[in-house]
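These are the residues of each chain, in order.
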Amino acid sequence: MAYNNILFEVKDAVAYITINRPKQLNALNKETIDELNQAFTNVEEDGAIRVVILTGSEEKAFVAGADIKEFASFSVEEGKLLSAEGHQKLFNLVENLSKPVIAGINGFALGGGLELAMASHIRVASENAKMGLPEVSLGVIPGYGGTQRLAQLVGKGKAFEMITTASMIDANDAYKWGLVNHVVKAEELIPVCEKIASKIVKNSPKAISSAIIAVNAQFREGIDGFVTEITEFGKCFGTEDFKEGTTAFMEKRKPVFSGK
Ligand code: CAA
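What you see is a predicted model, and the numbers here were worked out from it, not measured in a lab. (Residues numbered from 1 in each chain as written. Predicted model: local features only at pLDDT ≥ 70, side-chain atom pairs only at ≥ 80, totals over all residues. Heavy atoms only, no water.)

Thoughts on the environment of Ser-57
Phase 1: Tracing the backbone shows Ser-57 in the loop between β3 (51-56) and β4 (61-63).
Phase 2: Judged by its relative accessible area of 9%, Ser-57 is buried.
Phase 3: Separated by 64 residues in sequence, Ser-57 and His-121 have C-alpha atoms that sit 20 Å apart.
Phase 4: Leaving out residues up to four positions away in the same chain, Ser-57 has contacts with Thr-18, Ile-19, Asn-20, Arg-21, Pro-22, Asn-26 and Asn-106.
Phase 5: Among the polar contacts listed, one links the side chain of Ser-57 to the side chain of Asn-20, at a separation of 3.0 Å. (Helix = DSSP H or I, 4+ residues; strand = E, 2+ residues; numbered from the N terminus. Buried < 20%, exposed > 50% of the residue type's maximum accessible area, 1.4 Å probe, protein only. Contact = heavy atoms within 4.5 Å. Polar contact = N/O pair within 3.5 Å; in protein donor to acceptor, adjacent residues only side chain to side chain.)

As structure tokens, this is what we get:
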């Protein structure tokens, strides 16, 4: 599929997805969300891809939020639909992808942009990154999962401060708050993401997908994370990856995982 708003490239089992509307600071309009949905669906279905690096084009913004110009005149029903479709098409898709998504936050990650980074599994920020949920300054609230995922990542107190003040924090504060895992120089952003990706691709894809299900289960209402962990743990014993990983350990060699 040809994309108008994103770049999609695969190199050595790593998919690079770059949101590419730099003149609008990579804001998420409907078409961009649809294209991201298509790209992440392709990633899920392509057995050769093991990990995703998600970033924004140019140095100014990762994503400056949902496209305000697009929703400014929406009704209550349209607003609700915008949020519900976004959750389903993109943010939940990313969070529940069977392959890890590493967000390389290269500049402003605001509103829906920070929400997209928070739906990703791992976050690395460049020193110039600025993060915030400024929605209440527009008279709306975070609508792409931010009220839930920010509190999960940084705790309720800091989430309330960030959401109610609509203020941005810099990369170092984001690191101190636990919102990002690493802060690096801008030119190191993609290389550091690639270094993390290179460690991930050495491991069992089957076990990684089970681990993602088990970690996410803690945060899903009505689901017992410990029970999910037991189920996913048990499933691993039926995979070729498990046989290969344990056999390779006993044979004192590196495993070669098939992802089956
Ligand atoms: N939606 C649409 N367009 C956006 C945008 C957004 N979220 N953010 C930036 N742009 C556009 C600007 O309108 C401008 O376009 P024009 O040149 O056509 O006017 C262009 O990108 C460059 O932006 P600025 O001129 O504003 O750049 P700046 O350097 O002066 O400021 C900024 C940068 C502080 C990030 C500022 O652009 C800004 O505050 N953006 C909006 C951030 C925001 O409020 N995000 C939350 C959106 S709501 C949301 O995400 C809801 C949800 O949860 C579902």
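Here we look at the site of the ligand
Phase 1: Neighbouring the ligand are 24 residues, the closest being Lys-60, Lys-69, Gly-112, Glu-115 and Glu-135.
Phase 2: Residue Ala-66 places a main-chain N or O atom 2.9 Å away from an oxygen atom belonging to the ligand.
Phase 3: In this structure, an oxygen atom belonging to the ligand sits 2.7 Å away from a side-chain N or O atom of Glu-135.
Phase 4: Protein chains shield 66% of the accessible area of the ligand, which is 990 Å² for the free molecule.
Phase 5: Mapped onto the shell around the ligand, the elements with two or more residues apiece are α2 (68-71), β6 (108-110) and α4 (112-119).
Phase 6: Considering each element in turn, the shell around the ligand owes the most residues, 3 residues, to α2.
Phase 7: Its residues placed into classes, the shell around the ligand shows 13 nonpolar, 5 polar and 6 charged. (Near = heavy atom within 4 Å. Areas by Shrake-Rupley, 256 points an atom, 1.4 Å probe, with all protein chains shown as cover. Nonpolar A, V, L, I, M, F, W, Y, C, P; charged D, E, K, R; others polar.)

Here we look at the layout of surface pockets
Phase 1: Its volume calculated, the largest pocket comes out at about 850 Å³.
Phase 2: Looking at the largest pocket, it is lined by 40 residues, and the ones nearest its centre are Glu-115, Ile-141, Pro-142, Gly-143 and Tyr-144.
Phase 3: The biggest single contributor to the lining of the largest pocket is helix α3 (residues 76-95), with 6 residues.
Phase 4: Residue composition of the lining of the largest pocket, grouped by class: 17 nonpolar, 16 polar and 7 charged.
Phase 5: Split by domain, the residues of the lining of the largest pocket number at least three in each of domain 1 (6-200) and domain 2 (205-250).
Phase 6: Roughly 380 Å³ of volume is contained in the second largest pocket. (1 Å grid on protein atoms, 1.4 Å probe; cavity = no way out; pocket = protein on both sides within 12 Å on 5 of 7 lines; lining within 4 Å. Points joined across faces, edges and corners; volume = space filled by probe spheres on them. Domains from an automatic or database assignment.)

Overview of the pattern of salt bridges
Phase 1: This model, assessed by the stated rule, comprises 10 salt bridges.
Phase 2: Across the pair Asp-67 and Arg-21 runs a salt bridge whose closest N-O atoms are separated by 3.1 Å. In this pair, Asp-67 is assigned in the loop between β4 and α2 and Arg-21 in the loop between β2 (14-19) and α1 (30-45), connecting sequence segments 46 residues apart.
Phase 3: Judged by its relative accessible area of 8%, Asp-67 is buried.
Phase 4: Taking the relative accessible area as the measure of exposure, Arg-21 reaches 15% and is therefore buried.
Phase 5: Lys-176 is paired through a salt bridge with Asp-173; the nearest N and O atoms lie 3.3 Å apart. Of the two residues, Lys-176 and Asp-173 both sit in helix α7 (residues 171-177), 3 residues apart, roughly one turn of that helix.
Phase 6: A relative accessible area of 27% places Asp-173 in the partly exposed class.
Phase 7: Three or more residues are tied together by salt bridges with common partners; here these are Lys-30, Asp-34, Glu-85 and Lys-89. (Salt bridge = Lys/Arg side-chain N within 4 Å of Asp/Glu carboxyl O.)

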